[in-house]
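Fold and contact review
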Amino acid sequence: MVDPTNRNDPFWYRTAVFYAVYVRTFADANGDGIGDFRGLTAKLDYLSWFGVDCIWVLPMYPSPLKDGGYDIADYCDILPAYGTLSDFTEFLRESHDRGIRVITDLVINHTSDQHPWFQESRSSPTSPKRDWYVWRDTDTGYSDVRIIFTDSEPSNWTWDDTAKQYFWHRFYRHQPDLNFDNPEVQQAILDVASFWADLGVDGFRVDAAPYLVEREGTTCDNLPETHAVLKRLRAHLDARHPGTILLAEANLWPEQLVDYFGQGDEFQLAYHFPIMPRMYLALHEQNARSLIDMLRRTPDIPPNCQWGVFLRNHDELTLEMVTEAERAAMYEAFAPVPRLRVNVGIRRRLAPLLQGDRRKIELLHGLLLSLPGSPFLYYGDEIGMGDLPFLNDRDAVRTPMQWSPDRNGGFSRAERDRLTLPVIEDPQYGYPHVNVEDQQRQESSLLQALRWLLTVRHRHPLFGLGSLDLVDVDQPAVLAYLRRHDGATALGVFNLSAHSQSIHLDLMPYIGISPVDLVGGAVLDRIDTAPYTLVLAPYGFYWLGLG
Ligand code: GLC
Ligand code: CA
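Residues numbered from 1 in each chain as written. Chains lettered and ligands numbered in written order. Predicted model: local features only at pLDDT ≥ 70, side-chain atom pairs only at ≥ 80, totals over all residues. Heavy atoms only, no water.

**Here we look at the overall build of the chain**
Here is the rule: Starting at the N terminus, helices and strands are each numbered in turn, a helix being any DSSP run of H or I of at least four residues and a strand any DSSP run of E of at least two. Between buried and exposed lies partly exposed: a residue is buried under 20% and exposed over 50% of the maximum accessible area for its type, with that area taken using a 1.4 Å probe on protein chains only. Residues count as neighbours in contact if any of their non-hydrogen atoms are within 4.5 Å of one another. In these tables, accessible area is a Shrake-Rupley quantity obtained with a 1.4 Å probe, and a residue counts as shielded only by the protein chains included in the view. Lys and Arg are tallied as positive, Asp and Glu as negative. Neither His nor the chain termini are counted. A charge is said to be at NZ when it belongs to Lys, at CZ for Arg, at CG for Asp and at CD for Glu.
Within the chain, the regular secondary structure consists of 15 helices and 21 strands. Principal-axis analysis of the C-alpha atoms gives the chain an extent of 80 × 55 × 50 Å. Counting every position in the chain, which comprises 547 residues, the buried fraction comes to 62%. Considering only intrachain contacts with a sequence separation of at least 6, the fraction spanning at least 24 residues in the chain is 67%. For the chain, the accessible surface area stands at approximately 20,000 Å², while carbon and sulfur atoms represent 50% of it. Of note, the chain has its 50 positive side-chain charges centred 2 Å away from the centre of its 75 negative side-chain charges.

Given below as structure tokens:
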């Protein structure tokens, strides 16, 4: 159960566990083969049992679904297949009743080309909405801007036969960018945020945050003008909907990322993109080096802010924030065949990335849940779901949630060929073997192990609020750090290698204390003047309470 005292905490997001849901493939209540809000609502007891504090709902708006719903055709409604607005508000109410908050995706950089704004904009040069998008007579502008969807888009400009001009798009060509230099566009987006905040949504993940404004002669990333728009959105929410949080999706190095917190007046949360691939890299290299470098490189953030940390999400495992050599090593290790790659990343789920190795999956969660930041979990990873690499684009990692060994994994009672995406049936990851129902029954399941980690984390606010201090270790395969808050201290120790490790730590400031294994419960030997010896199993880890 979620700690009810958390309900009135204005900084709840600093200790919260987030859980991403793709409504389309989570749970289908009406049996048409497509997930829906009534299905999701029926699973809230499960999410509450598991320990989720906040659900992040991937885009649920009317959309042609050419980009998983990140191509929005109407900002103020629900995709009919997912239900109605009243199904959505019912879901919100039921979530809040359980102490679970809800954030949604605010995709404002672009719309679908099916959005009426774009239809109107393209219809005539004199349309009042012409200037709502970025139109040019040539495709030569902003030539310093990189392409994000490298696999499918040769240019950020596409010719529109109706408009007889080129339009600007940072993503797919069916996703024209809104023109944030136009004050009407800015106002329209504030109105959209208000619409959902008025319904009771607790916050927004701002998709593609760095790309809002364009300026010639720049990369068009992270422009001061873009930060100004984002600060305006925050000021609007603070004034009209106090407590509504903003989370930045900005795939950047830490030095640029911290700008998105502003002086505590822009985003409350931002994903820490660079730390993510390094958790995998460290495992692959059996060496903590790259993680230590990145933790050292991560600047302090304003006290009302928090990092969002994650292992996987609905996109490819992006390799933009590693060096070229590291990228090559990671492709080789985790995606040896082209089918597993997309754009600059890997389209695989957590469990297959880790060869289905329980020890590695738990180790990475041990890291994730104790690093500075609020953890973002991706639906299905808690039971070790697999992926379907033959599916198009990132659908590979968006297959239906596996609830039970029943037909369609309990996702839907529709005929199999009517499912919006196929369920996984292979011997290793298929729903007959990997599903919630079985893992809830088995004490020793991955689901139960992760649920226990969430429980332990909830008991110790220092994991969300504490400072971080790296501890020197005499074995390069082991990472160790102290988290401290309000007089409490925990020591995290992680063995990234396939071999057991005996390590020695200097814990002089803690002499006289007997560390407590916060996960297993055992009391360990007292710390004295000599270096403290710990033995770690292959891929083993400890969260040790030091008082
Ligand atoms: C974000 C989303 C991704 C989407 C893109 C374009 O990166 O996470 O799924 O394709 O924005 O909206
Ligand atoms: Ca349905």
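**Description of the coordination of the calcium ion (ligand 2)**
Just so we agree on the cut-off: The donor set covers N, O and S atoms within 2.8 Å of the metal, switching to 3.2 Å for Na, K and Ca, and it leaves out water, so a site may look short of donors.
Taken together, Asp28 (OD), Asn30 (OD1), Asp32 (OD), Ile34 (O) and Asp36 (OD) make up the protein donors of the calcium ion (ligand 2), found 2.2 to 2.3 Å from the metal. Spacing between the donor residues of the calcium ion (ligand 2) along their common chain follows D-x1-N-x1-D-x1-I-x1-D.

**Here we look at the pairing of strand β17 (residues 488-495)**
Here is the rule: A pair of strands is labelled paired if DSSP reports no fewer than 2 bridges between them.
With 7 of 8 residues buried, β17 lies mostly within the body of the structure. Bridge count for strand β16 (residues 478-485) against β17 is 8 bridges, and the pairing is antiparallel. Looking at β17, one finds that Tyr481 is bridged to Gly492. Between the antiparallel neighbours β16 and β17 lie 2 residues, among them Asp486 with a positive phi of about 55°. With 5 bridges joining them, β17 and strand β21 (residues 541-545) adopt antiparallel strand pairing.

**A word on the packing of aromatic side chains**
For clarity, the threshold we go by: Two rings belonging to Phe, Tyr or Trp (six-membered ring only in the last case) form a pair when the distance between their centres is within 6.5 Å. Interplanar angles under 30 degrees mark stacking, angles over 60 mark edge-to-face geometry, and anything in between is tilted. Criterion for a charge above a ring: Arg CZ or Lys NZ at most 6 Å from the ring centre, at most 35 degrees from the ring normal.
One pass over the full model with this rule turns up 45 aromatic pairs. Aromatic pair Trp56 and Tyr271: ring centres 6.0 Å apart, planes at 45°, arrangement tilted. Separated by 215 residues along the polypeptide, Trp56 in strand β2 (residues 54-57) and Tyr271 in strand β9 (residues 269-271) bring together distant segments of the chain. We note that Trp56, like Tyr271, is buried. One aromatic cluster is present, built from ring pairs that chain together Phe11, Trp12, Tyr13, Phe18, Trp56, Tyr271, Phe273, Phe310 and Phe376. Sitting above the plane of the Tyr22 ring, Arg398 keeps its charged end 5.7 Å from the centroid.

**Observations concerning the packing of helix α3 (residues 85-97) against helix α5 (residues 183-199)**
For clarity, the threshold we go by: Between N-to-C directions, angles cover 0 to 180 degrees, with each direction set by a line fitted to C-alpha atoms, over the stretch in contact for helices. Should an angle fall under 35 degrees it is taken as roughly parallel, and over 145 as roughly antiparallel, whereas 65 to 115 is taken as roughly perpendicular and any remaining angle as oblique. Lys, Arg, Asp and Glu make up the charged group, whereas Ala, Val, Leu, Ile, Met, Phe, Trp, Tyr, Cys and Pro make up the nonpolar group; the residues left over, Gly among them, are polar.
Packing of α3 against α5 brings their axes to within 10 Å, and their N-to-C directions diverge by 55°. Considering their axes alone, α3 and α5 lie oblique with respect to each other. Between α3 and α5, the residues in contact are Leu85, Phe88, Thr89 and Leu92 and Phe195, Trp196 and Leu199, respectively. Split into classes, the residues belonging to the contact of α3 with α5 amount to 6 nonpolar, 1 polar and no charged.

**Description of the site of ligand 1**
Let me state the cut-off plainly: In these notes, residues near a molecule or strand are those with any non-hydrogen atom within 4 Å of it. Residues adjacent in sequence count toward polar contacts only when both atoms are side-chain atoms; beyond that, a polar contact is any pair of N or O atoms within 3.5 Å, and within protein one must be able to donate a hydrogen and the other to accept it.
Ligand 1 sits among 13 residues. The nearest are Asp67, His110, Asp207, Glu249 and Asp315. Contact distances for ligand 1 include 2.7 Å between an oxygen atom and a side-chain N or O atom of Glu249. For ligand 1, an oxygen atom lies 2.9 Å from a polar atom in the side chain of Arg394. For ligand 1, the protein covers 95% of the area, taking 310 Å² as the surface of the free molecule.

**Thoughts on α5**
Rules: One less than the number of residues in a helix, times 1.5 Å, gives the span that helix is expected to have.
The first and last C-alpha atoms of α5 sit 25 Å apart over 17 residues, in line with the 24 Å expected at 1.5 Å per residue. Where α5 is concerned, the buried positions are Val185, Gln186, Ala188, Ile189, Leu190, Val192, Ala193, Ser194, Trp196 and Ala197. Looking at the packing, one finds that the buried side of α5 touches α3, β3 (101-106), α4 (116-123), β7 (203-206) and α6 (224-240). The opening residue of α5 is Asn182, an N-cap whose side-chain oxygen sits 2.7 Å from the backbone nitrogen of Glu184.

**As for the sheet that holds strand β12 (residues 341-342)**
In a beta sheet, neighbouring strands are held together by backbone hydrogen bonds and run either parallel or antiparallel to one another. With antiparallel pairing, 3 strands are arranged side by side in an open sheet as β11-β13-β12. Single-partner strands in this sheet number two, and they are β11 (317-318) and β12. Pairing between β12 and strand β13 (residues 345-346): 2 bridges, direction antiparallel. Paired with Arg341 across the two strands is Ile346, which belongs to β13.

**Topic: the state of the cysteines**
Heads up, the condition is: Two cysteine sulfur atoms form a disulfide, by the criterion used here, when they sit within 2.5 Å.
Scanning the model with the defined rule gives 0 disulfides in all. For the unlinked cysteine Cys54, the closest cysteine sulfur is that of Cys305, found at 16 Å. Given a relative accessible area of 0%, Cys54 falls into the buried group.

**Focus: the sheet that holds β7**
An order of β1-β2-β3-β7-β8-β9-β10-β14 is seen for the 8 strands of this closed barrel, with the pairing classed as parallel. Each strand of the sheet is rotated relative to its neighbour by a mean of 25°, with strand direction disregarded.

**Overview of unusual backbone geometry**
For Cys220, which is not a glycine, the phi torsion comes out positive at approximately 65°. Within the fold, Cys220 resides in the loop between β7 and α6. At Tyr539, a residue that is not glycine, the phi angle is positive and equals roughly 55°. Tracing the sequence through the fold places Tyr539 in the loop between β20 (532-536) and β21. Take Tyr539: its relative accessible area is 8%, and that puts it in the buried class.

**Focus on the pattern of salt bridges**
Basically, it comes down to this: Salt bridge, as used here, is a side-chain nitrogen of Lys or Arg placed within 4 Å of a carboxyl oxygen of Asp or Glu.
All told, the structure shown has 34 salt bridges when counted by the stated rule. Taking the shortest distance from any N to any O, the salt bridge between Asp438 and Arg441 comes out at 3.3 Å. Here Asp438 and its partner Arg441 are both found in helix α13 (residues 436-441), 3 residues apart, which amounts to about one turn of the helix. Residue class for Asp438 comes out buried when judged on its relative accessible area of 16%. The structure contains a network of salt bridges with shared partners spanning Asp67, Asp315, Asp393, Arg394 and Arg398.

**Describing the packing of helix α8 (residues 275-285) against helix α10 (residues 324-334)**
Viewed as axis vectors pointing N to C, α8 and α10 meet at an angle of 70°, and their least axial separation amounts to 11 Å. For the element pair α8 / α10, the angle class is roughly perpendicular. On the side of α8, the interface is formed by Pro277, Arg278, Tyr280, Leu281 and His284, while α10 contributes Glu326, Ala329, Met330, Ala333 and Phe334.

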